[in-house]
Amino acid sequence: RASTVTVERMGNGLGLSNDGRPESGFRGTDPGFGAEVGLLGSAAVLFPERTGRAMAIGLGGGHTTRLLLAGGFEQVDVVELEAAVVDAARMMHQARRVPFPLDDPRARLVIDDARNRLALAPAGAYDAIVSQPSHPWLAGSSALYTREFFAEARAALTDGGVLVVWINLFRIHLRQIRAVVRTLTDELTNVSGFIAEGTSLVLVASARPHRFDARLDARLARFSDTLRPLHLGSRLDLLRTMELD
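The following refers to the structure shown. (Residues numbered from 1 in each chain as written. Predicted model: local features only at pLDDT ≥ 70, side-chain atom pairs only at ≥ 80, totals over all residues. Heavy atoms only, no water.)

With respect to topology, 3 strands assemble into an open sheet ordered S1-S2-S3, the strand pairing being antiparallel. Single-partner strands in this sheet number two, and they are strand S1 (5–10) and strand S3 (21–26). Across the sheet, the mean angle from the axis of one strand to that of its neighbour is 30°, orientation sign disregarded. Where strand S2 (residues 13–18) meets S3, 5 bridges bridge the pair, whose relative direction is antiparallel. (Pairing = 2+ DSSP bridges. Helix = DSSP H or I, 4+ residues; strand = E, 2+ residues; numbered from the N terminus. Axes fitted to C-alpha atoms, helices over the stretch in contact; angles between N-to-C directions.)

Set out below in structure tokens:
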């Protein structure tokens, strides 16, 4: 209804495009995604006080949802605007012969606008919210980088909850990245930023300081086999990617 969704073979991998823009896919080697996605999904497991209930905004290729489930969340609400993305993601998982994360009984798919779902969510409903929209300069996606969205996310988070935000480092000016970070820190005062490769900045925001201690090590161990090929399997690996404290 909202866009044209395409899946195509790209060498020995698969690519998912939305209105011609590459959004996700499967790389040729395991785990099938890059370090930026590994950071996005794992950060929502590593830093909240609890791993009870999470919201993933946008299904994409399903990798973030897969990491949230592997990290031990009891429930993951996946809010996707375009139902065709779900069909595309399922097709890619079938082609790769790997389990589709939405088939996990802990996953709950909602076809809707994420801003609507957050506005309706009770206060403190989520321990983690992962926002992985397209570029901030696109209509629709831009609404997920605003003060209003960050305030809605803050209200929907538990006291120890975290908001994880993806922002591109290409096709964007530095002043715009600074504006997003400044707006985010106005709503959630503790923000850490990570860059695992040159295309993406992953921001982790919360009301409490982030812990880099034995708890983080224990949570990393939940999916270390997945993160190790991405050089994100240890606390030192994670700290190596930190660009903003």
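With respect to the element layout, Ser141 can be found in the loop between strand S7 (126–131) and helix H5 (147–156). Those residues in contact with Ser141 that lie beyond four places of it in its chain are Pro133, Ser134 and His135. (Contact = heavy atoms within 4.5 Å.)

This brings us to the packing of helix H1 (residues 35–46) against helix H2 (residues 63–70). It is at 8 Å that the axes of H1 and H2 come closest, and there the two elements cross at 35°. In the crossing of H1 with H2, the sense of the turn from one axis to the other is right-handed. Contact with H1, carried on its side by Val37, Gly38, Leu40, Gly41, Ser42, Ala44 and Val45, involves His63, Thr64, Leu67 and Leu68 of H2 and no other residues of that element. Of the residues belonging to the contact of H1 with H2, the class tally is 6 nonpolar, 5 polar and no charged. (Left-handed = near helix turned anticlockwise from the far one by under 90°. Nonpolar A, V, L, I, M, F, W, Y, C, P; charged D, E, K, R; others polar.)

With that settled, consider the pairing of strand S6 (residues 107–111). Alignment of strand S5 (residues 75–80) against S6, held across 5 bridges, turns out to be parallel. Note on S6: the bridge partner recorded for Val78 is Leu109. Read as a crossover between parallel neighbours, the route from S5 over helix H3 (residues 83–96) to S6 is right-handed. (Right-handed = clockwise from strand over helix to strand, strands pointing away.)

So, on to the environment of Phe33. In this structure, Phe33 sits in the loop between S3 and H1. Residue Phe33 is classed as buried on the basis of its relative accessible area, which comes to 5%. Between the C-alpha atom of Phe33 and that of Gly61, which follows or precedes it by 28 residues, the distance is 9.2 Å. With sequence-adjacent residues up to four places away left out, Phe33 is seen in contact with Arg27, Gly38, His63, Arg66, Leu67, Thr226 and Leu230. (Buried < 20%, exposed > 50% of the residue type's maximum accessible area, 1.4 Å probe, protein only.)

Attention now moves to the packing of aromatic side chains. Considering all chains together, one arrives at 3 aromatic pairs under this definition. Taking the centre distance of 5.3 Å and the plane angle of 65° together, the rings of Phe47 and Phe212 count as edge-to-face. Here the residue Phe47 occupies a position in the loop between H1 and strand S4 (53–57), and Phe212 occupies one in the loop between strand S10 (200–206) and helix H7 (214–220), the gap between them amounting to 165 residues. The class of Phe47 is buried, set by a relative accessible area of 4%. Residue Phe212 is classed as partly exposed on the basis of its relative accessible area of 25%. Arranged with centres 5.8 Å apart and planes meeting at 55°, the rings of Phe149 and Phe150 form a pair that is tilted. Across the pair, exposure class does not vary: Phe149 and Phe150 are buried alike. (Phe/Tyr/Trp six-rings, centres within 6.5 Å; stacked < 30°, edge-to-face > 60°.)

Here 8 strands make up an open sheet; going across it, the order is S6-S5-S4-S7-S8-S10-S9-S11 and the pairing mixed. The two strands at the open ends of the sheet, each matched to only one other strand, are S6 and strand S11 (242–244). Within this sheet the neighbouring strands show an average axis-to-axis angle of 20°, counted without direction. Running over the sheet, H1 touches S7, strand S8 (157–168), strand S9 (190–194) and S10 and is turned about 170° from S8.

What follows concerns the nonpolar core. Grouped together as the largest cluster of nonpolar side chains are 70 residues, with contacts concentrated most on Phe47, Leu68, Ile129, Leu163 and Val164. Of the residues forming this core, the biggest block, 8 residues, is contributed by H1. Excluding residues within four positions of it along the chain, Leu68 makes contact with Gly41, Ala44, Val45, Ala54, Ala56, Phe73, Val76 and Val130. In this structure, Leu14, Leu16, Phe26 and Met92 belong to the second largest nonpolar core, which totals 5 residues. (Core = buried A, V, L, I, M, F, W, Y, C linked by side-chain atoms within 4.5 Å.)

Okay, the pattern of salt bridges next. Pairing of side chains with opposite charge becomes possible as their charged atoms draw close. Taken as a whole, this structure holds 19 salt bridges when the rule is applied. Across the salt bridge formed by Arg215 and Glu49, the nearest N and O atoms sit 3.5 Å from each other. With a gap of 166 residues between them, Arg215 in helix H7 and Glu49 in the loop between H1 and S4 connect regions that are remote in the sequence. The exposure class of Arg215 is buried, given its relative accessible area of 16%. The partner of Asp186 in a salt bridge is Arg147, and the shortest N-O contact between them spans 3.4 Å. Taken as a pair, Asp186 in helix H6 (residues 174–187) and Arg147 in helix H5 lie far apart in primary sequence, 39 residues in all. With a relative accessible area of 45%, Asp186 lands in the partly exposed category. Salt bridges sharing common partners tie together Glu49, Asp159, Arg208 and Arg215. (Salt bridge = Lys/Arg side-chain N within 4 Å of Asp/Glu carboxyl O.)

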